[in-house]
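Reading the structure
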Amino acid sequence: MVSGTTNVTVDGKDTLLSENHSVYIPLGAIHALENPDKIPLELIEVQSGSYLGEDDMVRFSNRYGRA
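As the structure is a computational prediction, the values presented were derived from the model and not from experiment.

1. With respect to the nonpolar core
Counting residues in hydrophobic clusters, the biggest one holds five residues: Met1, Val8, Val10, Leu17 and Ala29. With sequence-adjacent residues up to four places away left out, Val8 is seen in contact with Lys13, Asp14, Thr15, Leu17, Val23, Ala32 and Leu33.

2. Some words on unusual backbone geometry
Positive phi, close to 50°, is recorded for Asp11, a residue that is not glycine. Mapped onto the elements, Asp11 comes out in the loop between strand S1 (5-10) and strand S2 (13-18). On the accessibility criterion, Asp11 (55% relative accessible area) is exposed. The phi torsion at Asn20 lies on the positive side, around 70°, for a residue other than glycine.

3. Considering the side chain of Ser3
Structurally, Ser3 is set in the segment before S1. With a relative accessible area of 17%, Ser3 lands in the buried category. Side chain to side chain, Ser3 and Glu42 meet in a polar contact 2.8 Å long. The contact partners of Ser3, leaving out residues within four places of it in the chain, are Glu19, Pro40, Leu41 and Glu42.

4. Considerations on the environment of Glu54
The topology assignment puts Glu54 in the segment after strand S3 (31-34). C-alpha of Glu54 to C-alpha of Lys13: the two residues are 41 residues apart in sequence and 24 Å apart in space.

Calculation notes
Residues numbered from 1 in each chain as written. Predicted model: local features only at pLDDT ≥ 70, side-chain atom pairs only at ≥ 80, totals over all residues. Heavy atoms only, no water. Core = buried A, V, L, I, M, F, W, Y, C linked by side-chain atoms within 4.5 Å. Buried < 20%, exposed > 50% of the residue type's maximum accessible area, 1.4 Å probe, protein only. Contact = heavy atoms within 4.5 Å. Helix = DSSP H or I, 4+ residues; strand = E, 2+ residues; numbered from the N terminus. Polar contact = N/O pair within 3.5 Å; in protein donor to acceptor, adjacent residues only side chain to side chain.

Set out below in structure tokens:
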């Protein structure tokens, strides 16, 4: 997290993160980020592994109108 606060849900477990904190999301974990505050959320996403494409994502829920 660069700035702001986020609620991270990973496989049903919620964790509140703030500036200078991080979370590891294992391969295949169902996860979501939510900004519970009015302060804009800034974060850096780092992917690791042999394949770094975006086309391997599966959306289980779509509250924001994304395809």
